[in-house]
Amino acid sequence: MAGYVFIAARDPWEGVEATRVFEMASSLAEARDAVTVYLTENGAFAARAPAGEQFLSPLIAAGVNILVDPFALQERGISHERVVEGVVPAPIEQLVDLLAEGRPSLWF
Amino acid sequence: MPRTVLTLVLNDPPYESARTATAFRIIDAAIRRGYDVNVFAYEGAVALAFACQAPHANAVHGRDVAGEDHPTTSAWVREVLELARERSIKLDWVNCGLCVDERGVDDAVRGVRRGSPADLWSFVNTSTNTLVIPTR
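Just so you know, these numbers come straight off a predicted model, no measurement behind them. (Residues numbered from 1 in each chain as written. Chains lettered and ligands numbered in written order. Predicted model: local features only at pLDDT ≥ 70, side-chain atom pairs only at ≥ 80, totals over all residues.)

Asks: Hey, could you go over the overall build of chain A for me, with residue numbers and the actual values?
Replies: Along its length, chain A carries 4 helices and 5 strands. In terms of overall dimensions, chain A is globule-like: its C-alpha atoms have a radius of gyration of 12 Å, near the 13 Å expected for 108 residues. Along the three orthogonal principal directions, the C-alpha set of chain A runs to about 35 × 25 × 25 Å. (Helix = DSSP H or I, 4+ residues; strand = E, 2+ residues; numbered from the N terminus. Rg over C-alpha atoms; globule rule 2.2 N^0.38 Å.)

Below, the structure written as structure tokens:
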């Protein structure tokens, strides 16, 4: 099946690696591939409004599907009301189902 | 219809990273979804299933072993193996043998087997998908 799954577990403020992978996800989406980014662990910080838009708005504009792990949000005290618009809280079962579709996956 | 098989490659040792807890959440969810799971534990991750791990008290907090309720990763390995058995799901957990020898953690919980990167090669070639969880 076409499409990619990126699992973002790092705080994007920690360094440029996350930004580079987000750029790759965006490029793949612009090339008409279905791309999902799943934010978990410290990657969930990217989902926090209003700071996270700088990372996620370009992805959303490119058509990337962005999911965030509710468990990671809860651990970090981020309420669903404070999540960047367009980012969807999704339990880890949803990530597992995407993997089960055989989509190439990258954890970073 | 062929069964869905997910392979996870784990590298982190116990008690070091949130990635370990997330990996167990993925394994647990996959089993509950009815997917077969392969785990290839490499490098420090071979200690996840080390049977000699023991829960401990916490004198600083004034709690005994029961009160501290400190989890061990070997208990989590036992639990996912048991969950898979209950649901007739295949969970094949392989520890890299050389990594085990290097660390002296050969006493793994029952149900975990010793293997080599050849097992990982086989897993990758027969799985629906493979997820590598790196150490960093």
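Asks: Please provide a residue-by-residue account of the interface of chain A and chain B, values included.
Replies: Of the residues lining the interface, 12 residues belong to chain A; the matching set on chain B comes to 17 residues. Contributions of two or more residues to the side of chain A that touches chain B are made by α4 (92-100) and β5 (105-107) of chain A. In terms of residue count, α4(A) provides more of the side of chain A that touches chain B than any other element does, 6 residues in total. Considered class by class, the residues forming the side of chain A that touches chain B number 6 nonpolar, 3 polar and 3 charged. (Contact = placed C-beta atoms within 7 Å. Nonpolar A, V, L, I, M, F, W, Y, C, P; charged D, E, K, R; others polar.)

Asks: Please give an account of the sheet that holds strand β4 (residues 112-115) of chain B that cites residues and values.
Replies: Residues and elements named next belong to chain B. Strand order in the open sheet formed by 5 strands is β4-β3-β2-β1-β5, and the pairing between neighbours is parallel. Looking at the sheet topology across the chains shown, the edges are occupied by β4 and β5 (129-133). Averaged over all pairs of adjacent strands, the angle between strand axes in this sheet comes to 20°, irrespective of strand direction. Direction of pairing for strand β3 (residues 91-96) relative to β4: parallel, over a ladder of 4 bridges. (Pairing = 2+ DSSP bridges. Axes fitted to C-alpha atoms, helices over the stretch in contact; angles between N-to-C directions.)

Asks: Summarise the packing of α4(A) against helix α1 (residues 18-33) of chain B; cite the residues concerned and give the values.
Replies: Look at α4(A) against α1(B): their axes get within 9 Å of each other, and the N-to-C directions meet at 70°. Put simply, α4(A) runs roughly perpendicular to α1(B). Residue-level inspection shows A:Ile92, A:Glu93, A:Val96 and A:Asp97 of α4(A) in contact with α1(B), the latter providing B:Arg25, B:Ile26, B:Ala29, B:Ala30 and B:Arg33. Looking at the contact of α4(A) with α1(B), its residues break down into 5 nonpolar, no polar and 4 charged. (Parallel < 35°, antiparallel > 145°, perpendicular 65-115°, else oblique.)

Asks: Can you lay out the environment of B:Val39 for me, pointing to particular residues and giving the numbers?
Replies: All names here are of chain B. For Val 39, the location among the structural elements is in strand β2 (residues 36-41). For Val 39, a count of 25 C-beta atoms within 10 Å translates into the label buried. In this structure, Val 39 is in contact with Leu 8, Leu 10, Ile 27, Trp 93 and Val 94, ignoring residues within four places of it in sequence. (Buried ≥ 20, exposed ≤ 12 C-beta atoms within 10 Å, placed from the backbone.)

Asks: With reference to specific residues and values, describe unusual backbone geometry.
Replies: With an omega of 0°, the peptide bond between A:Ala49 and A:Pro50 qualifies as cis. Residue A:Arg32 is not a glycine yet carries a positive backbone phi of 75°. For B:Tyr15, which is not glycine, the phi dihedral falls at a positive 65°. Here B:Tyr15 lies in the loop between β1 (5-10) and α1. For B:Tyr15, a count of 13 C-beta atoms within 10 Å corresponds to the partly exposed category.

Asks: Account for the nonpolar core, with residues named and values stated.
Replies: Of all hydrophobic cores here, the largest spans 74 residues; its most connected members are A:Val37, A:Leu39, A:Ala47, B:Leu8, B:Ile27 and B:Ala41. In contact with B:Ala41, other than residues within four places in its own chain, are B:Leu10, B:Val46, B:Leu48, B:Ala49, B:Trp93, B:Val94, B:Asn95 and B:Cys96. (Core = buried A, V, L, I, M, F, W, Y, C linked by C-beta atoms within 7 Å.)

Asks: Any chance you could break down the sheet that holds strand β2 (residues 35-39) of chain A for me, citing the residues and the numbers?
Replies: Spatially, 5 strands are ordered β4-β3-β2-β1-β5 (chain A) in an open sheet, and the strand pairing comes out parallel. With one partner strand each, in any of the chains shown, β4 (88-89) and β5 of chain A form the two edges of the open sheet.

Asks: If you had to explain the pairing of β1(B) to someone new, which residues and values would you point to?
Replies: All names here are of chain B. In terms of burial, β1 is a largely internal element, 5 of the 6 residues being buried. Bridge count between β1 and β2: 6 bridges; the pairing is parallel. By the bridge assignment, Leu 10 is partnered in β2 with Ala 41. For the segment spanning β1, α1 and β2, crossover handedness is right-handed. (Right-handed = clockwise from strand over helix to strand, strands pointing away.)

Asks: Tell me about α4(A), residues and numbers included.
Replies: Residues and elements named next belong to chain A. Among the residues making up α4, those that are buried are Ile 92, Leu 95, Val 96, Leu 98 and Leu 99. Looking straight down α4, one finds that the buried residues subtend no more than 160° of arc, so they occupy a single side. One or two positions beyond α4, positive phi appears at Gly 102, with a value near 85°. (Arc of directions from axis to C-beta.)

Asks: I'd love a proper account of the environment of A:Thr19, names of residues and values included.
Replies: With respect to the helices and strands, the residue A:Thr19 is situated in helix α1 (residues 17-30). A C-alpha to C-alpha distance of 15 Å links A:Thr19 and A:Ala61, two positions 42 residues apart in sequence.

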